[in-house]
Amino acid sequence: MFKGSMPALVTPFRNGALDLETLKKLVEWHIGEGSHGLVPVGTTGESPTLSHEEHETVIETVVTAAAGRVPVIAGAGSNNTVEAIRFVEHAARVGADAALVVTPYYNKPTQRGLIAHYTALHDCADIPIFIYNIPGRSVIDMTPETMGELAKLPRIVGVKDATGDMARVCDTRITCGTDFIQMCAEDAVAHGFNAVGGVGCISVTANVAPKLLSQMQEACLAGDYATALDLQTKLMPLHKAIFTEPGLVGAKYAMSRLGLCSDEVRLPLTGLADETKAMVDAALVHAGLL
């Protein structure tokens, strides 16, 4: 169920409020373009600036709009275990297929604390859980050994890995087993990630180019890495341009250029600088999207 290209969905806004009609249209568009799943309310969905009520509204809207046609992995992370339990329980209640839980940021738990946090979330609801390991944002890094301990729990099923470390994929296969689902979180290395044991990418760029990303992932899953490399080469300038500033801002600007949604973001994020917009425009042309 969990493989291929899964957009880490942006959350559209209009005049500061959730734009749920546009969100529903994006779900339809992504399914039509071949995305293999949807991941609402991650960092790309501006989770830090959504209220709890908005967070839950977005999850429920996406689950309802997807209607079982593709799996939905609901963002459900917090550095407060009680809040994360609320989000995991809500994701299970509204019918999400899995929950994505980031390692607790800012309060820097030990590896022992990580095990306790994820065990509590595992035990709170009957829903598969993906660990989101992103040391660049959360400061802490879950080691492969810790992940291996958590993988013994039946509903800890995989990881969204944002380390960018290809050797880590092999290490995780050893500690967690070959059935543990490894999804890349870094678009620029997704091709190589699959070559060493990954099965897909939870992607920012897939907000903009879902068909190309799904084709690239399908080529990897079929073992056709030459075709996948050609697609990755076509997409690389877009990956780089989108992440010149915070990735969700770049993605929303690119989507606005394609008429998909507004480029509106919430403070403390701001719109792209003009020179970054020019980079994104050029990358859209390179990818054949503009």
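Note that the coordinates shown come from a computational prediction; the quantities given were computed from them, not determined experimentally.

## Re the sheet that holds strand E5 (residues 98-102)
Next, step 1: The parallel open sheet is built from seven strands, whose spatial order is E1-E9-E8-E7-E6-E5-E4. The strands lining the two open edges of the sheet, one partner per strand, are strand E1 (4-7) and strand E4 (73-75). Strand-to-strand twist of the sheet, defined as the mean angle between neighbouring strand axes without regard to direction, takes the value 30 degrees.
Next, step 2: The sheet contact formed by strand E7 (residues 156-161) and strand E8 (residues 181-184) spans four bridges and is parallel. In the sheet register, lysine 160 faces E8, and the bridge partner there is methionine 183.
Next, step 3: Across the sheet, helix H9 (residues 210-221) lies against E1 and strand E9 (200-203), angled at about 150 degrees from E1, the strand it touches most.

## A closer look at the pattern of salt bridges
Next, step 1: In this structure the tally under the stated criterion is 11 salt bridges.
Next, step 2: Arginine 266 is the partner of glutamate 54 in a salt bridge, and the nearest nitrogen-oxygen pair spans 2.8 Å. One end of the pair, glutamate 54, is in helix H2 (residues 52-66); the other, arginine 266, is in the loop between helix H11 (247-257) and helix H12 (274-286), and 212 residues separate them in sequence.
Next, step 3: Two residues, aspartate 281 and arginine 257, come together in a salt bridge whose shortest N-O distance is 2.9 Å. A residue pair is termed long-range when its members are at least 10 positions apart, and aspartate 281 in helix H12 and arginine 257 in helix H11 qualify at 24 residues.
Next, step 4: Salt bridges here are not isolated pairs; linked through shared partners, they connect Glu53, Glu56 and Arg86.

## A closer look at unusual backbone geometry
Next, step 1: Cis geometry marks the peptide bond from leucine 267 to proline 268, where omega comes out at 15 degrees.
Next, step 2: Inspection of the secondary structure assignment puts proline 268 in the loop between H11 and H12.
Next, step 3: Located in the positive-phi region is glutamate 46, a residue other than glycine, with phi close to 60 degrees.
Next, step 4: Relative to the assigned elements, glutamate 46 resides in the loop between helix H1 (20-33) and H2.
Next, step 5: Even without a glycine there, the phi angle at valine 139 is positive, about 80 degrees.
Next, step 6: Summarising the element assignment, valine 139 is placed in the loop between helix H5 (135-138) and helix H6 (144-150).

## Structural notes on H12
Next, step 1: The terminal C-alpha atoms of H12 lie 19 Å apart, and with 13 residues this matches the ideal 18 Å at 1.5 Å per residue to within 8%.
Next, step 2: When H12 is considered as a whole, its buried residues turn out to be Thr276, Val280, Asp281, Ala283 and Leu284. Buried residues of H12, viewed axially, fall in a sector of 165 degrees; they line one side. Facing away from the buried side of H12 by more than 90 degrees, the exposed set consists of Asp274, Glu275 and Val285.
Next, step 3: Directly after H12, the chain includes glycine 288, whose backbone phi takes a positive value near 75 degrees.

Rules used throughout
- Residues numbered from 1 in each chain as written.
- Predicted model: local features only at pLDDT ≥ 70, side-chain atom pairs only at ≥ 80, totals over all residues.
- Heavy atoms only, no water.
- Pairing = 2+ DSSP bridges.
- Helix = DSSP H or I, 4+ residues; strand = E, 2+ residues; numbered from the N terminus.
- Axes fitted to C-alpha atoms, helices over the stretch in contact; angles between N-to-C directions.
- Contact = heavy atoms within 4.5 Å.
- Salt bridge = Lys/Arg side-chain N within 4 Å of Asp/Glu carboxyl O.
- Expected span 1.5 Å × (residues − 1).
- Buried < 20%, exposed > 50% of the residue type's maximum accessible area, 1.4 Å probe, protein only.
- Arc of directions from axis to C-beta.

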